Amino acid sequence: MQFLFEILISFFLIVSGIFGFVGSFGMIKLKDPMSRLHAPTKATTLGVGGVLLASIFHSGLIEGQLSLHELLITLFLFLTAPITALFIAKWHIHRHEKPVDLPDAGEDELWATHAVEQVEDVPEHSAK
């Protein structure tokens, strides 16, 4: 029975390695930053998820001790990867796109990332 568990764990490790390789290869080969967002946020996240699943199965099925640290790591990963992708996409829009070049924003006719008002330079208060 332990042999089947080891095959299951090996399967998750191999699949996670493939996803990690595809994500890393995508970071190198994809041309523009917006296309490169998919590599770390999709493929590499699944790769790390596969390693974490293998670790959970190893600790629970082989060692007989349930370890929930991997669940916390997975939660952290699934919360931070989309936020990181959002910040990279907003940076790209601010640096490389003009509001007139963007697609239609819908009813409000304004992209939220370009809705920041220009703040004038305020002179610092001098000591009296």
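How each quantity is defined
- Residues numbered from 1 in each chain as written.
- Predicted model: local features only at pLDDT ≥ 70, side-chain atom pairs only at ≥ 80, totals over all residues.
- Heavy atoms only, no water.
- Phe/Tyr/Trp six-rings, centres within 6.5 Å; stacked < 30°, edge-to-face > 60°.
- Helix = DSSP H or I, 4+ residues; strand = E, 2+ residues; numbered from the N terminus.
- Buried < 20%, exposed > 50% of the residue type's maximum accessible area, 1.4 Å probe, protein only.
- Axes fitted to C-alpha atoms, helices over the stretch in contact; angles between N-to-C directions.
- Parallel < 35°, antiparallel > 145°, perpendicular 65-115°, else oblique.
- Left-handed = near helix turned anticlockwise from the far one by under 90°.
- Nonpolar A, V, L, I, M, F, W, Y, C, P; charged D, E, K, R; others polar.
- pLDDT = per-residue confidence, 0-100.
- Polar contact = N/O pair within 3.5 Å; in protein donor to acceptor, adjacent residues only side chain to side chain.

Asker: Looking at this structure, I do not really get the packing of aromatic side chains. What am I missing?
Answerer: Any two aromatic rings considered together are summarised by their centre-to-centre distance and by the angle between their planes. Enumeration over the complete set of coordinates arrives at 3 aromatic pairs. Centre to centre, the rings of Phe21 and Phe25 are 6.0 Å apart; their planes meet at 20 degrees, and the pair counts as stacked. A residue pair is termed a helical-turn pair when its members lie 3 or 4 positions apart in one helix, as Phe21 and Phe25 do in helix H1 (residues 2-29) at 4 residues. Judged by relative accessible area, which is 57%, Phe21 ranks as exposed.

Asker: Any chance you could explain the packing of H1 against helix H3 (residues 38-62) here in plain terms?
Answerer: If you want to describe how two helices pack, look at the angle between their axes and the distance between the axes. Their axes nearest at 7 Å, the elements H1 and H3 cross at an angle of 165 degrees. As summarised for this structure, H1 and H3 are arranged roughly antiparallel, according to the angle between their axes. Note on packing geometry: the crossing formed by H1 with H3 is left-handed. Taken together, the residues that form the contact of H1 with H3 break down as 18 nonpolar, 10 polar and 1 charged.

Asker: What is the right way to read the confidence of the model for the protein from this model?
Answerer: For residues with low pLDDT, the predicted coordinates do not support detailed interpretation. When the pLDDT values of the protein are averaged, the result is 80; 82% of them are 70 or greater. Per-element confidence in the protein ranges from a low mean pLDDT of 78 for helix H2 (residues 33-36) to a high of 91 for H1.

Asker: Explain the environment of Thr74 to me, please; I cannot follow it from the model alone.
Answerer: Topologically, Thr74 is positioned in helix H4 (residues 69-96). Note on Thr74: relative accessible area 18%, which makes it buried. Note: C-alpha distance between Thr74 and Leu52 (22 residues apart in sequence) is 7.3 Å. From its side chain, Thr74 meets the backbone oxygen of Glu70 in a polar contact 2.8 Å long.

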